[in-house]
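Here is what each chain is made of, one letter per residue.
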Amino acid sequence: MTKFEKRLCIFAIIFVTIYLGTIVITINSRVRNEKRITQIESVEAAPGEGQIMLAELLLPMLIFLSLTICFIMVKKKRTKAVQAHEDSDEEFP
C-alpha cells in the first residue's frame, strides 16, 4: 500500500471508532437519566434531541468501516498475488 492509502485507512478506522464511541456515550447518558419529564413537542428540536441523531448515522458509519476493512484486505491480497507472480519463473503470453 502506498503511504496515502495507509493514512486514509487509518483515518477511516479512527473516525469510525470515535463516532461509535460517541454513540455509546450518548446512549448511556440517555439510559442513566431516570428523571423523565413529560414534554410538549414543538417544531424545533430540544437541546438533547440533537444528540440522539448520532445514533441514526450508525448504519452509514458501519458501511464506511466495512468498506475500509474490505479495501485493506483486497489491497493486501493483490500485493501478495503480484509478489507471487513476480517470484514465479513462468512467462505469460
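Residues numbered from 1 in each chain as written. Predicted model: local features only at pLDDT ≥ 70, side-chain atom pairs only at ≥ 80, totals over all residues. Heavy atoms only, no water.

**Student:** Please clarify how a nonpolar patch on the surface should be interpreted in this entry.
**Tutor:** Together, Phe4, Leu8, Phe11, Phe15 and Phe64 make up a nonpolar patch on the protein surface, roughly 520 Å² of accessible area in all. Ranked by residues supplied to the nonpolar patch, first place goes to helix H1 (residues 3-32) with four residues. Position of Leu8 among the secondary structure elements: in helix H1. (Patch = residues over 30% accessible without salt bridge, like charges linked within 9 Å, V, L, I, M, F, W, Y side chains within 5 Å. Areas by Shrake-Rupley, 256 points an atom, 1.4 Å probe, with all protein chains shown as cover. Salt bridge = Lys/Arg side-chain N within 4 Å of Asp/Glu carboxyl O. Helix = DSSP H or I, 4+ residues; strand = E, 2+ residues; numbered from the N terminus.)

**Student:** Where do I start with H1 in this structure?
**Tutor:** Count 3.6 residues to each turn of an α-helix, and residues three or four apart come out pointing the same way. Compared with an ideal rise of 1.5 Å per residue, which puts 30 residues at 44 Å, H1 spans 44 Å between its outermost C-alpha atoms and is within 8% of the ideal. All of the buried residues in H1 are Glu5, Cys9, Ala12, Val16, Tyr19, Ile23 and Thr26. (Expected span 1.5 Å × (residues − 1). Buried < 20%, exposed > 50% of the residue type's maximum accessible area, 1.4 Å probe, protein only.)

**Student:** I keep staring at the environment of Ala12 and nothing clicks. Help me out?
**Tutor:** Relative to the elements of secondary structure, Ala12 occurs in helix H1. Not counting the four nearest positions on each side in its chain, Ala12 is found in contact with Phe64 and Thr68. (Contact = heavy atoms within 4.5 Å.)

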